[in-house]
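# Descriptive analysis of the structure
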Amino acid sequence: MSQLVWFRRDLRLHDHAALYHALAHPGPVHTVFVFDTGLLQGLPVDDARVSFIWHSLQQLDTALRQQGGALLCCTGDPVQEIPRLATQLGVSSVHAAEDYEPAARQRDEAVARALQADGRSLHLHKDQVVFAGREVLTQAGRPYTVFTPYYRAWRARLHAEPVSPWPTLPLTGRLLPHPAPTLPSLAKLGFVPPPAERQLPAGEAAAQAVWQRFQPQLPPYQQQRDFPALEGVSRLSVHLRFGTVSIRQLVHVAAHQDDEGAACWLKELAWREFYQQLLYHFPRVVGEAFKPEYRTLAFPGSAEHFAAWCEGRTGYPLVDAAMRQLNQTGYMHNRLRMLVASFLVKDLLIDWREGEQYFAKQLLDFDLAANNGGWQWAASTGCDAQPWFRIFNPVTQSERFDPQGHFIRRYLPELTGLDAASIHAPWQASPLLLQAAGVRLGQDYPLPIVDHARQREAALALFGREPG
Ligand SMILES: Cc1cc2nc3c(=O)[nH]c(=O)nc-3n(C[C@H](O)[C@H](O)[C@H](O)COP(=O)(O)OP(=O)(O)OC[C@H]3O[C@@H](n4cnc5c(N)ncnc54)[C@H](O)[C@@H]3O)c2cc1C
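Residues numbered from 1 in each chain as written. Predicted model: local features only at pLDDT ≥ 70, side-chain atom pairs only at ≥ 80, totals over all residues. Heavy atoms only, no water.

As annotated in an unreviewed UniProt entry, the protein chain is Deoxyribodipyrimidine photo-lyase from Leeia aquatica. The protein chain has a UniProt comment under Sequence similarities (unreviewed entry) that states "Belongs to the DNA photolyase family." Here is the UniProt Catalytic activity (unreviewed entry) comment for the protein chain, exactly as written: "cyclobutadipyrimidine (in DNA) = 2 pyrimidine residues (in DNA)." (UniProt positions renumbered as here; feature names shortened; annotations may be inferred.)

Next comes the structure, spelled out in structure tokens:
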């Protein structure tokens, strides 16, 4: 009997859990990807993630064809499409990577039921994470809600059970060919290519190139990772999101490298798993504060301020440069994600869920677990979050993490003429200096839309406690 491998967020051929397990069965193997119309509906026609997926699939199809197979592509509801295809191809089992998002879990349960009713089975294989939510628990068998002990347990497990990539089994002679390509064009799917700045090289080869570039940067990662003007971070998030790279490959290398940078980076990969397990155990974090005391907060912020934040015109240069990076490229540096999230919630007093949704639309690496975790951390509403009384100062953050203003100038060309001392808070610069720099505040660049010191007090009051 043949097997069917259902690709979802694992768009590669190497170190691929579902493919490895399907090939371990005797008999031929089919491969499929379903364009889920429920997910595609409502996305902008130039959504860069759809284009990234499409290009990754095109590469997968080419690689499979070179080895005698082909990627089947369908469009529709996977709950109908997968069982229909399984019957049509006569496969005994469907193999896919386990997904921990609530909607994906519901979908997979429905697919499993439909397959079972027809005498077939769905096998879900751990692939997106090194350790799934149920594998790292407290001694009492409960999920961790604080990162440090979670990380200790995660590391201990990694030490006891080192991860290694799944072997790449030969495909030739095992795949079933499909003569005509079934990958619909982007246009047929109702999409157009995104603007050039939002187009990223896609697929497994591109992911490996990004990884090769970053590997020499691992030792100094800890020193460089907080400075957005430097190339100090991996930029692998989009590849981890769509599985064009395997998490096992990355963890395997980082865990065996004996330097502080690699250890620090490994910890970031563990944050990713920490938030995944939180979403798995507490799916209610979608749309609701993790901490009950913050569920009823009424945020007084205005729609005008939200629009200014989205468009990068708050008058705080590093916040605005960060938002323009997001809008132009679909990426934002982690230090800046923390800063703009704090600014939205604690300076503009706007509900964190609005920022979360805006990020979900804009980020190419959008990941429900990491995004929700990051927002709830910054808003102090999450588990093991930023303490409510610690509020980022957008000016001192700017002075500290973009001291020369290089990052600000990259995204705010209107401030290029300002020197390193005045670029962080142009409204404090003398009229003479502003004139020499060719900056007319209120015309070329906005005055601050709020006063940080005043808003800080308002945020402390909103969070229901006396200023600390
Ligand atoms: C408000 C907010 C929203 C965020 N939204 C997302 C999101 O939608 N998708 C996403 O992948 N990350 C998100 N992050 C986490 C982090 O900012 C990005 O993973 C990181 O900036 C991606 O860049 P990189 O690949 O160069 O990271 P690197 O510094 O090279 O880190 C390597 C990998 O570790 C993981 N990682 C690093 N930091 C975190 C973190 N704090 N939480 C979870 N995983 C982490 C990512 O998979 C990342 O690719 C968010 C953080 C905040 C504060």
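Before going further, it helps to examine unusual backbone geometry. Its identity is not glycine, yet aspartate 15 carries a phi of approximately 45 degrees, on the positive side. Its place among the elements puts aspartate 15 in the loop between β1 (2-7) and α1 (17-24). A residue is classified by how much of its surface remains accessible, and aspartate 15, at 6% relative accessible area, is buried. In this model, leucine 349 sits at a positive phi of 55 degrees, which is unusual for a non-glycine residue. (Helix = DSSP H or I, 4+ residues; strand = E, 2+ residues; numbered from the N terminus. Buried < 20%, exposed > 50% of the residue type's maximum accessible area, 1.4 Å probe, protein only.)

For the rest of this paragraph, the subject is the environment of glycine 330. As for its placement among the helices and strands, glycine 330 is situated in the loop between α13 (317-329) and α14 (334-347). With sequence-adjacent residues up to four places away left out, glycine 330 is seen in contact with Arg198, Gln325, Gln362, Leu363 and Leu364. (Contact = heavy atoms within 4.5 Å.)

For the pair α14 and helix α16 (residues 368-378), interaxial distance at closest approach is 8 Å and the crossing angle is 55 degrees. On the basis of the axis angle, α14 is oblique to α16. Here the hand of the crossing between α14 and α16 comes out right-handed. Residues Met338, Ala341, Ser342, Leu344, Val345 and Lys346 of α14 pack against Trp375, Trp377 and Ala378 of α16. In terms of residue class, the contact of α14 with α16 is built from seven nonpolar, one polar and one charged. (Axes fitted to C-alpha atoms, helices over the stretch in contact; angles between N-to-C directions. Parallel < 35°, antiparallel > 145°, perpendicular 65-115°, else oblique. Left-handed = near helix turned anticlockwise from the far one by under 90°. Nonpolar A, V, L, I, M, F, W, Y, C, P; charged D, E, K, R; others polar.)

Our next topic: the packing of aromatic side chains. Evaluation of the coordinates by the stated rule reveals 31 aromatic pairs. Ring centres of phenylalanine 214 and tyrosine 221 lie 6.1 Å apart, and the angle between their planes is 85 degrees; this geometry places the pair in the edge-to-face category. You'll find phenylalanine 214 and tyrosine 221 in the same group, each marked buried. Counting every residue linked through ring pairs, the aromatic cluster contains Phe131, Tyr144, Phe147, Tyr150, Tyr151, Trp154, Trp271, Phe274 and Tyr275. In this structure, arginine 8 is placed above the aromatic ring of tryptophan 6, and the distance from its NZ or CZ to the ring centre is 4.3 Å. (Phe/Tyr/Trp six-rings, centres within 6.5 Å; stacked < 30°, edge-to-face > 60°. Lys NZ or Arg CZ within 6 Å of the ring centre and 35° of its normal.)

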